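Examining the three-dimensional arrangement
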Amino acid sequence: MDQWKRGNAIVTGAGSGIGAATTVELLRHGVNVIGLDVQSAKLEELANSLKDNTKNATSTPEGSSQRGIFYPKTCDITDEQAVQDVFDWVNAELGGVSVLVNNAGIIMRSSLLDGTLKDWKFFMNINVLAQCVCSREAYRSMSKNNINGHIIQINSIGGHSITPYYAHKMYNASKTAITVLCEGLRHELSLVNSKIKVSSISPGSVDNTEIFNTAKFKPSSQVVSSRPALTPEDVAAMVITTLETPPRVEIAELIVIPTGSTIQSHGNPRPVNLSDK
């Protein structure tokens, strides 16, 4: 991680869940983090917890007391101008972006049979188009400041298989789009001889995230208690794994699932009694 020390990382959806866990890990490794979230209260809560943790911390993993600096920024990533303003600020005040972690996203029930165009647009605006805007601005910043940076997309196993639940196919579509767009971004970067890396991290079920707060449903307590699940810290560790690679190595896709689950099941496979016929 020495290659990123004192560099600047933008993390979207930084106020909670995977975004907050990733922010903590990056700061611990000496990377400055510009944390974006539409909920200012969540950013303030994270900033306060970071202050408390710093008082109790003695060193970084490398044995140095030098940690990154946290810059919370309230930002709606579906507002293109707001996103551009953040990147302009980072360029002017901090010298450009080294790492982008596109983490913000939503999930909700919206069936292809009776869902609304409003919901479908909401899905695509946040899960796809906003990610593209952030990636574009990261490329511009990295190119302007001569930084061979890293763009990391927090994707989902829903981008690699069909979610076996009713009214989740638009979520599938948005995450499959991210899978395609990550490879497309790598392709276009190669065509302009850029050394910027692009990684997609696709976790399975993750507990303790805020994603269901925007949904029109919550998973039942029975489902939550019975399924294997990752923690936000598990996913944050995978972000560090992709960043730890040397310049000659690029992790294009990293699928991470809880032990005891499968990619296709999206959770705990139903137990089968082999003696039943």
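Residues numbered from 1 in each chain as written. Predicted model: local features only at pLDDT ≥ 70, side-chain atom pairs only at ≥ 80, totals over all residues. Heavy atoms only, no water.

1. Let's talk about the overall build of the protein
Of the regular secondary structure elements, the protein holds seven helices and seven strands. Beginning at the N terminus, the succession of helices and strands in the protein can be written as β-α-β-α-β-α-β-α-β-α-β-α-α-β. In the protein, buried positions account for 49% of the 277 residues. Considering only intrachain contacts with a sequence separation of at least 6, the fraction spanning at least 24 residues in the protein is 75%. (Helix = DSSP H or I, 4+ residues; strand = E, 2+ residues; numbered from the N terminus. Buried < 20%, exposed > 50% of the residue type's maximum accessible area, 1.4 Å probe, protein only. Contact = heavy atoms within 4.5 Å.)

2. Here we look at the packing of aromatic side chains
If you walk through the whole model with that rule in mind, you get two aromatic pairs. When the ring of tyrosine 71 is compared with that of tryptophan 89, the centres are 5.6 Å apart and the planes differ by 65°; the resulting orientation is edge-to-face. Placement of tyrosine 71 in strand 3 (residues 70–74) and of tryptophan 89 in helix 3 (residues 80–94) is noted, with a sequence separation of 18 residues between them. The class for tryptophan 89 is partly exposed, based on a relative accessible area of 26%. When the centroid spacing of 6.4 Å and the interplanar angle of 55° are considered together, the rings of phenylalanine 123 and tyrosine 171 count as tilted. Here phenylalanine 123, found in helix 4 (residues 117–144), pairs with tyrosine 171, found in helix 5 (residues 169–191); they are 48 residues apart in sequence, far enough to count as distant. Owing to a relative accessible area of 0%, phenylalanine 123 belongs among the buried residues under this scheme. Look at tyrosine 171 and you get buried, because its relative accessible area is 10%. Sitting over the face of the ring of tryptophan 89, lysine 73 holds its NZ or CZ atom 3.8 Å from the ring centroid. (Phe/Tyr/Trp six-rings, centres within 6.5 Å; stacked < 30°, edge-to-face > 60°. Lys NZ or Arg CZ within 6 Å of the ring centre and 35° of its normal.)

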